[in-house]
Amino acid sequence: MLSPLLLAAARSRRMRGLVTSIPLTRGVVDRFVAGDDLAGALHAVGELDAAGLRVTLDHLGEDTRDRAQATATRDAYLELFTAFADHGYAGGADASVKLSALGQALPGDLALDHAREICAAAGRVGMTVTLDMEDHTTVDSTLEILGKLRVDFPWVGVAIQSMLRRTEGDLKDLVGEGSRVRLVKGAYAEPASVAFQSKRDVDRAYVRALRTLMNGDGYPMVGSHDPRIIEIALSLAAGRSPSSYEFQMLYGIRTAEQRRLAEGHRMRVYVPYGADWYGYFMRRLAERPANLVFFLRSFTSR
Ligand code: FAD
């Protein structure tokens, strides 16, 4: 039962200090994170773009309680949009945003205001924005902010987690025309009162939600590396036009499959970058225990 321990560690300040202070960690982190800064992200995007893959960029960071930090995150996205426009990558690209990094936990409308500025700047260069979904305590607030943003920016998308029991109900409001929904299984440790606990139940819920999205009028984004899910998505999408849905995978995971799918379908890679990689990295370790072995081996092989 390593996953719950790793997910608990993802939230621990002590573990963060320990793991990020080990120089060797960096080599393993590089598999999942495109770089510490925008230059690293642009380099990765150049390679993905050349291979015909679309991108969504995530400036790493989460759970901010500091107003200045939240404003710095907003500024990082504004800088990203300018760089994308300058490099010719902006058209059709997307940015993934964690509202908790924009001040969601702080009083007032800080996260909404920052998200508005991010959406306005993205729209000006021809990019879209997708709100990541974080732990279950943030879902109501995230969907409320989504609704407000969509009044002015109807193309703003959101990630929805099949592991949450509430998802079937939430999707009823998210299947209308133009609604961009990235369906994922969910990466956070959640109690049984709100979330399915077994992989089987989460996968089944994923397929039910996928069916709802594919039968709706919105734009489903299939966020999964699971070969069975991809196969089912392909068959559910058979009656849809190829430009009315897309696949999405994370940077560094199943890269050959990303390129294979890109040959006949829209395929987008989620590219995280930035110095605050700890929480994101620990969730990737938790998803696959073999990653932890790889991580530990990097210490003994030197
Ligand atoms: P799984 O059953 O976990 O994995 C299927 C197979 O994929 C595995 O057997 C393995 O071969 C491969 N694989 C999966 N994960 C890894 C890994 N870490 N390392 C190596 N191989 C792996 N979660 C959220 O809670 N909120 C979000 O906003 C969010 N955004 C996401 C955006 C995108 C584009 C994607 C692809 C995922 C996102 N996730 C998000 C994470 C998601 O919830 C899952 O935790 C993650 O995708 C693993 O689930 P899976 O569907 O790939 O299936």
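First, a word on scope: everything that follows refers to the structure included in this document. Residue numbers restart at each chain and count upward from 1, following the sequence in its written direction. Residues qualify for local features only when their pLDDT is at least 70, as the model is predicted, and side-chain atom pairs are given and counted only at 80 or more; totals for whole chains, interfaces and linings, by contrast, use all residues.

Let's talk about the packing of helix α6 (residues 110-124) against helix α7 (residues 139-152)
Condition: Inter-axis angles, ranging from 0 to 180 degrees, are taken between N-to-C directions of lines fitted to C-alpha atoms, where helices are fitted over the stretch in contact. Numbering of helices and strands runs from the N terminus; a helix is a DSSP stretch of H or I covering at least four residues, while a strand is a stretch of E covering at least two. Should an angle fall under 35 degrees it is called roughly parallel, over 145 degrees roughly antiparallel, and 65 to 115 degrees roughly perpendicular, with every other angle called oblique. Crossing handedness: left-handed means the near helix sits turned counterclockwise from the far one by under a right angle, and right-handed means the same turn made clockwise. With C-beta atoms placed from the backbone, a contact is any residue pair whose C-beta atoms sit within 7 Å. For this scheme, ten residues count as nonpolar: Ala, Val, Leu, Ile, Met, Phe, Trp, Tyr, Cys and Pro. Four count as charged, namely Asp, Glu, Lys and Arg, and the remainder, Gly too, count as polar.
Where α6 contacts α7, the axes come no closer than 10 Å and their chain directions differ by 40°. As far as their axial angle goes, α7 and α6 are oblique. Viewed along their axes, α6 and α7 form a crossing whose handedness is right-handed. Residue-level contacts link Ala111, Leu112, Ala115, Arg116 and Cys119 of α6 to Ile145, Lys148 and Leu149 of α7. Counted by class, the contact of α6 with α7 contains 6 nonpolar, no polar and 2 charged residues.

Observations concerning the site of the ligand
For clarity, the cut-off: For each residue, a C-beta position is placed from the backbone atoms; the residue is near a molecule or strand when that point lies within 6 Å of it.
Neighbouring the ligand are 25 residues; Asp132, Ala159, Val184, Ser224 and His225 lie closest to it. Put simply, the parts of the chain that give the shell around the ligand at least two residues each are β4 (157-161), β5 (180-184), β7 (246-250) and α12 (278-287). In terms of residues, the shell around the ligand owes the most to one element, β7, which gives 3 residues. Of the residues contributing to the shell around the ligand, the split by class is 10 nonpolar, 7 polar and 8 charged.

Considering the sheet that holds β5
The criterion, for reference: A pair of strands is treated as paired once DSSP finds two or more bridges between them.
Here we have 8 strands rolled up into a closed barrel, ordered β1-β2-β3-β4-β5-β6-β7-β8, and parallel in their pairing. Across the sheet, the axes of successive neighbouring strands diverge by a mean angle of 25°, strand direction being ignored. By the bridge criterion, 4 bridges tie β4 to β5 in an arrangement that is parallel. Considered in β5, the bridge of glutamine 161 is made with valine 184. Contacts between helix α5 (residues 67-87) and the sheet are confined to β1 (54-59) and β2 (94-97), with β1 contributing the most and set at about 150° to the helix.

Everything listed is a geometric property; what it means functionally is a separate question.
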